[in-house]
Amino acid sequence: MAITRIRLERPPLDRDSVERFGVSREEPRWLIDQRVAAAERYLETPWPRTDVGEEWRRFPLKDVPYDAIAEDIPRPVPLAETGYSVSRSGFVNLPIEMLWNAPEPTPKPFDLLRSLMEKTDGPVAQAAIRAYAEAAWTTGHFVRVPAGLDIPHPIEVITVPSVSRTIVLVERGARATVVERLIGGADEPQLAMPILDVHLEDDAVLNYVQIQEFAPSVWILGSQQYRSARASRLESFNVFVGAHRAKVGIGSDIRGDGAVVHLNGLVAGGNDQKIDFNVFQDLFGSHSESILLYLAALYDHAKAVTYGVIRVEPESRATSSYQECRNMLLSEHAGADPIPVLEILTNDVLRCGHGATAGAIDDADLFYVQSRGLPRDEAERLIVRGFFERVIEKVADADVRHEMLRALEPRIGSIGTLEAA
Amino acid sequence: MTTTVQPQLPDNYKWGWNDPEAEGKTFARTPKGLSEDVVRQISAFKSEPEWMTKLRLKAYRHFLQRSLPTWGADLSRIDFQDIYYYVLASDKKAQDWNDVPEYVKRTFDKLGIPEAEQKFLAGVGAQYDSEVVYHNIREDLAKKGVIFVDTDTALKEHEALFRKYFGTVIPANDNKLAALNTAVWSGGSFIWVPEGVKVDIPLQAYFRINSEKMGQFERTLIICEPGSQVHYVEGCTAPIYSTASLHSAVVEIIVKKGARCRYTTIQNWSHNVYNLVTKRAVAYEDAVMEWIDGNLGSEVTMKYPSVYLMGERAHGEILSVAFASDGQHLDAGGKIVHAAPNTTSLITSKSISKGNGRTSYRGLVKIYPGMRKSKSTVRCDALILDKTARSDTYPYMEIDEEDVTIGHEATVSKVGEEQLFYLMSRGLTEQEATAMIVNGFIEPIVKELPMDYAIELNRLIQLQMQGAIG
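Calculation rules
Residues numbered from 1 in each chain as written. Chains lettered and ligands numbered in written order. Predicted model: local features only at pLDDT ≥ 70, side-chain atom pairs only at ≥ 80, totals over all residues. Heavy atoms only, no water. Helix = DSSP H or I, 4+ residues; strand = E, 2+ residues; numbered from the N terminus. Rg over C-alpha atoms; globule rule 2.2 N^0.38 Å. Buried < 20%, exposed > 50% of the residue type's maximum accessible area, 1.4 Å probe, protein only. Contact = heavy atoms within 4.5 Å. Areas by Shrake-Rupley, 256 points an atom, 1.4 Å probe, with all protein chains shown as cover. Lys, Arg positive; Asp, Glu negative; His and termini not counted. Charge placed at Lys NZ, Arg CZ, Asp CG, Glu CD. Salt bridge = Lys/Arg side-chain N within 4 Å of Asp/Glu carboxyl O. Polar contact = N/O pair within 3.5 Å; in protein donor to acceptor, adjacent residues only side chain to side chain. Buried area = accessible area lost by both parts, 1.4 Å probe. Nonpolar A, V, L, I, M, F, W, Y, C, P; charged D, E, K, R; others polar. Pairing = 2+ DSSP bridges. Axes fitted to C-alpha atoms, helices over the stretch in contact; angles between N-to-C directions. Left-handed = near helix turned anticlockwise from the far one by under 90°.

Draft legend 1. Broad picture of the overall build of chain A. Of regular secondary structure, chain A possesses 9 helices and 18 strands. Over its C-alpha atoms chain A spans a radius of gyration of 21 Å, differing by no more than 12% from the 22 Å that the globule rule assigns to 421 residues. Based on the C-alpha atoms only, the size of chain A along its principal axes is roughly 65 × 65 × 45 Å. By the burial criterion, 62% of the 421 residues in chain A qualify as buried. Of the contacts made within chain A by residues no fewer than 6 positions apart, 82% connect residues no fewer than 24 positions apart. Looking at chain A as shown, the accessible area adds up to about 16700 Å², and 52% of this sits on carbon and sulfur atoms. One way to put it: in chain A the 45 positive side-chain charges average out to a point 1 Å from where the 62 negative ones average out.

Draft legend 2. View of unusual backbone geometry. Residues and elements named next belong to chain A. We note that Ala231 has phi near 55 degrees; this positive angle belongs to a residue other than glycine. Looking at where Ala231 falls in the secondary structure, it is placed in the loop between strand E9 (218–228) and strand E10 (233–240). Look at Ala243: it is not a glycine, yet its phi comes out positive at around 75 degrees. Counting through the fold element by element, Ala243 comes out in the loop between E10 and strand E11 (245–254).

Draft legend 3. Structural context of the environment of B:Thr53. Residues and elements named next belong to chain B. Along the polypeptide, Thr53 turns up in helix H3 (residues 50–65). Along the sequence, Thr53 and Gln41 sit 12 residues apart, while their C-alpha atoms lie 9.4 Å from each other. Residues within four places of Thr53 in sequence aside, it is in contact with Ser43 and Glu48.

Draft legend 4. Inspection of the pattern of salt bridges at higher detail. Scanning the model with the defined rule gives 79 salt bridges over all chains in all. In this structure, B:Glu50 and B:Lys54 form a salt bridge, with 3.3 Å as the shortest nitrogen-oxygen distance. You can see B:Glu50 and its partner B:Lys54 sitting in helix H3, 4 residues apart, about one turn around the helix. An identical accessibility class is assigned to B:Glu50 and B:Lys54; each is exposed. The network of salt bridges with common partners includes A:Glu54, A:Arg57, A:Arg58, A:Lys303, A:Asp337, B:Lys366, B:Glu398 and B:Asp400.

Draft legend 5. Structural context of the side chain of A:Asp276. All names here are of chain A. Relative to the elements of secondary structure, Asp276 occurs in strand E13 (residues 274–283). Assessed through its relative accessible area of 1%, Asp276 is described here as buried. A polar contact is formed between the side chain of Asp276 and the side chain of Lys247, at a distance of 2.8 Å. In contact with Asp276, not counting residues within four places along its chain, are Glu55, Arg58, Phe59, Ala246, Lys247, Val248 and Val305.

Draft legend 6. Local environment of the interface of chain A and chain B. Listed as interface residues are 40 residues of chain A and, on the opposing side, 31 residues of chain B. Taken over both partners, the interface formed by chain A and chain B buries close to 2700 Å², and the fraction arising from carbon and sulfur atoms is 46%. For the interface between chain A and chain B, the tally reads 6 salt bridges. Salt-bridge contacts for A:Lys303 lead to B:Asp400; the nearest nitrogen and oxygen are separated by 2.5 Å. At the boundary of chain A and chain B, one finds 21 residue pairs in polar contact (both at pLDDT 80 or more). Those elements giving two or more residues to the side of chain A that touches chain B turn out to be strand E15 (303–312), strand E16 (319–329), strand E17 (335–344) and strand E18 (349–359) of chain A. By residue number, the principal contributor to the side of chain A that touches chain B is E17(A), which donates 10 residues. Looking at side-chain class alone, the side of chain A that touches chain B contains 19 nonpolar, 10 polar and 11 charged residues. Across 4 bridges, the pairing between E17(A) and strand E22 (residues 390–399) of chain B is antiparallel.

Draft legend 7. View of the packing of helix H6 (residues 363–370) of chain A against helix H7 (residues 376–392) of chain A. Residues and elements named next belong to chain A. Where H6 meets H7, the axes come as close as 9 Å, and the angle between the chain directions of the two elements is 120 degrees. Here H6 and H7 pass one another in a crossing that is right-handed. On the side of H6, the interface is formed by Asp365, Leu366, Val369 and Gln370, while H7 contributes Arg376, Ala379, Glu380, Leu382 and Ile383. Here the residues of the contact of H6 with H7 sort into 5 nonpolar, 1 polar and 3 charged.

The following block contains the structure:
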């Protein structure tokens with residue numbers, strides 16, 4: 001008997017089931033109220049359309065498997081076995097739901113978490129996705145680096161395909177490196193909605209590295225929001241290798257003077273992947289800096305879309321901003337749409353600009369490397385590695401660099417012996 | 001009809017004025033607003049063949065169905081029923097300058113046409129209130145077989161040629177404004193350059209809007225046969241009105257194998273005109289198409305000259321300058337479509353915004369799969385003169401072929417304190433120093449213009465800098 005599937009236009013959601021879900025998880029009342037408020041907001045927010053605005057124009061929205069939203073119901077695991085940690089200093093690295101199940105002496109910074117989870121701003125193009133995720137998230141993760149603390153080792157977060165929230169707070173003057181790995185996925189099409197919120201307080205320093213290696217069945221509708229306070233410094237890296245279709249909206253909001261934001265991306269696309277980012281760099285304050293550097297190596301029928309907007313607000317002063325998007329097309333069927341938009345509402349800018357390129361490997365480069373005795377495919381691998389090296393070398397931690405390359409190599413290949421030499 | 005010049009007009013605004021006597025001399029026009037009847041009337045006034053009447057009506061119905069673009073400038077204030085769609089200034093066409101009515105001449109005198117003509121004008125297609133009233137084809141052009149007439153004459157005298165190409169580059173259903181233009185078009189230039197003929201002097205036409213709420217819907221069609229060459233120069237200056245006026249032209253250009261065409265515009269409509277123009281060229285094998293587009297006037301401009309590269313080794317180039325001061329939003333740019341292998345293109349945009357003016361560069365480079373070895377470079381520079389000014393850059397790129405080289409770069413800057421200090425220490429006032437920096441900024445475009453246009457552009461920028469316009 002044939003099964004008739006009803007085509008969904010957007011993920012279905014209603015207020016009551018959201019409330020029941022929260023209650024069934026024994027969540028605190030404020031969190032259930034937050035979910036319900038988000039559900040109400042979701043119902044009022046139009047779902048993205050390809051014919052409204054530029055952000056969604058190039059994404060195959062009509063094919064999104066809305067009926068296959070990945071849900072990972074977390075199993076209770078003894079805290080000792082998770083590798084996650086809490087400490088008396090106030091450092092937290094925990095699945096959110098463990099905050100109220102964790103044994104003492106876990107500090108329970110509910111008020112802190114609550115105020116962070118109340119911030120619902122993010123890329124406008126992803127408003128409906130955020131609202132859905134805030135109402136219906138099943139997995140969540142909270143990292144807090146307390147004021148003044150310098151954590152030398154990378155903090156690891158694992159996210160599986162699900163509707164998930166990752167919240168990172170780096171308090172005043174603290175320093176940390178967070179590596180979030182997006183892994184897993186079923187054989188059937190699945191829809192994941194990973195939502196990231198980063199809060200940097202004054203003078204905080206964060207390296208955030210996301211390594212996305214979802215299974216080739218997964219669709220991603222994601223959102224990342226970075227909030228930078230005075231003199232904070234953010235290096236963000238999105239390393240995208242996995243998933244079938246990915247659409248991620250990234251927002252960077254600089255409110256404080258002298259904040260520095262570097263948004264880096266490495267996209268290694270193959271098969272018929274489509275990796276689509278929309279980025280909004282918003283500059284307030286004086287002497288702030290926002291630099292985007294997205295590099296894509298595209299094989300087979302892969303396609304990368306990078307739609308970026310820099311907006312220099314009228315009240316800002318002496319800001320520097322730049323967008324650079326380079327696409328290396330390694331197959332005749334690969335494609336790239338780099339679209340860097342500038343909106344500048346003041347003349348008080350130190351520097352603002354953008355550069356975008358798309359094309360095959362430069363013949364002269366290839367000739368040069370081959371003339372050193374390398375066969376063509378090896379020469380090509382070397383050039384792609386060199387192309388990505390610009391971003392990889394910005395990561396200070398050798399283990400994290402190694403992780404990034406391990407994820408990239410199935411696609412861009414290894415330069416093996418060459419590297420050893 | 002009576003119209004009074006706004007009393008607050010600055011005295012030194014030389015290029016925008018109404019000729020009060022001319023206002024009374026308009027001989028024929030359709031009622032205000034647009035309807036099927038008006039479209040039929042326009043066609044009847046011109047004694048057009050039936051196929052054109054039908055085409056106009058079809059375009060009008062399409063116009064009704066389409067909506068205005070939701071991106072770009074705010075067009076919600078345009079009232080299409082508050083516009084005259086056809087005004088005829090004179091019922092006969094002048095064969096030489098002496099036959100041109102006196103009041104029309106006065107208007108042109110202020111524009112400097114006679115001097116320009118003495119120098120190196122090839123022919124003057126001067127559009128006055130929707131209708132070309134003066135046309136002079138130099139003898140050697142006629143000898144070479146070049147056709148340079150107003151578009152209405154072309155329809156009468158070269159109907160077969162006209163019908164073969166009209167609406168082939170920009171069909172009536174291309175967009176709402178192209179549909180509008182197809183329904184109500186009047187005037188414009190028609191140029192046909194025979195195979196192998198090189199026209200070595202720029203062909204020029206001046207357009208003017210001279211009645212209140214008078215829209216202009218000229219239609220220009222240029223056909224360059226294989227191996228031919230032509231440079232067409234379109235200049236616009238317009239008087240100031242009390243209510244918004246609409247200018248919505250369509251320009252279609254066909255550049256055949258090995259031919260070369262350059263189209264230059266200096267647009268200086270008064271600051272209440274909506275200037276919404278569709279310009280497109282197709283370039284075949286080894287052909288070269290260049291758009292040089294200067295936008296200084298108008299309240300709102302939306303104009304993106306485009307080149308479709310349809311044959312191997314075709315080359316397209318767009319040079320665009322925009323200068324927006326108070327109250328202006330100039331949304332300009334260009335579009336290049338690579339639809340053949342080995343094609344190359346270059347877009348250079350320079351925009352300046354002043355006061356609360358806003359310039360936007362909006363462009364598209366599209367490369368279809370299989371268009372190997374295509375190359376495209378887009379370069380946008382913006383200069384923001386005041387804290388309240390705004391500059392946007394929207395460069396769309398759609399690359400579906402690997403074996404290509406595509407680059408885009410943009411910079412935005414303000415006039416540097418050090419640059420100003422240096423120039424002022426040499427004795428210039430701040431205004432002179434700023435003007436000098438602005439002139440240097442647009443130099444790459446100015447040097448591509450014919451001499452008298454370069455001078456005019458520099459003069460217009462001076463006026464913008466002094467705040468004498470707007």
